[in-house]
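What follows is the residue order along each chain.
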Amino acid sequence: MEPCDEPDCAATLKELDVFLDEELSDAARNSIAHHLDDCPDCLSAFDFHAELKQVISVKLQNDEMPAGLLSRIEKCFSTDFDGDGKIG
């Protein structure tokens, strides 16, 4: 089977991560879901992305964050991610 290269496919593949994170409007989400129903190539890419996100999520839950990493991330983004009232 040839990889898809239609404009709808390019747009769908570009939005897969946002689609998986449920960060799209209902209309955009429905459009992508409809495309995935009709395009086996994009559905295969979707399945791969979904499984990869799941594996990464599980792996991150099982590993402890290296000491000081959150502090460095907070400094980079100037944001208090852990809610301790300070950045860094």
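Note that the structure is predicted; figures quoted are calculated from it, not measured.

Caption draft 1: Quick look at the pattern of salt bridges. Using the criterion set out here, one finds one salt bridge in the structure. We note a salt bridge from aspartate 21 to lysine 53, for which the minimum N-O separation is 3.2 Å. Within this pair, whereas aspartate 21 is found in the loop between helix H2 (16-20) and helix H3 (26-38), its partner lysine 53 is found in helix H4 (residues 40-62), the two being separated by 32 residues in sequence. On the basis of relative accessible area, aspartate 21 is assigned to the partly exposed category, the value being 36%.

Caption draft 2: The arrangement of the packing of aromatic side chains in detail. For the structure shown, the criterion picks out one aromatic pair. With centroids separated by 5.7 Å and ring planes inclined at 75°, the aromatic side chains of phenylalanine 19 and phenylalanine 46 adopt a geometry described as edge-to-face. Of the two residues, phenylalanine 19 is situated in helix H2 and phenylalanine 46 in helix H4; the sequence distance between them amounts to 27 residues. Owing to a relative accessible area of 8%, phenylalanine 19 belongs among the buried residues under this scheme. Residue class for phenylalanine 46 comes out buried when judged on its relative accessible area of 17%.

Caption draft 3: Broad picture of a nonpolar patch on the surface. Where nonpolar side chains cluster on the molecular surface, the patch consists of Phe48, Leu52, Ile56 and Leu60 and spans about 410 Å² of accessible area. Following the sequence through the fold, leucine 52 ends up in helix H4. Its relative accessible area of 40% is what places leucine 52 among the partly exposed residues.

Caption draft 4: Expanded view of the environment of asparagine 30. Looking at the element boundaries, asparagine 30 is found in helix H3. Its relative accessible area of 55% is what places asparagine 30 among the exposed residues. The spatial distance from the C-alpha of asparagine 30 to the C-alpha of phenylalanine 19 is 9.8 Å, given a sequence separation of eleven residues.

Parameters and conventions
Residues numbered from 1 in each chain as written. Predicted model: local features only at pLDDT ≥ 70, side-chain atom pairs only at ≥ 80, totals over all residues. Heavy atoms only, no water. Salt bridge = Lys/Arg side-chain N within 4 Å of Asp/Glu carboxyl O. Helix = DSSP H or I, 4+ residues; strand = E, 2+ residues; numbered from the N terminus. Buried < 20%, exposed > 50% of the residue type's maximum accessible area, 1.4 Å probe, protein only. Phe/Tyr/Trp six-rings, centres within 6.5 Å; stacked < 30°, edge-to-face > 60°. Patch = residues over 30% accessible without salt bridge, like charges linked within 9 Å, V, L, I, M, F, W, Y side chains within 5 Å. Areas by Shrake-Rupley, 256 points an atom, 1.4 Å probe, with all protein chains shown as cover.

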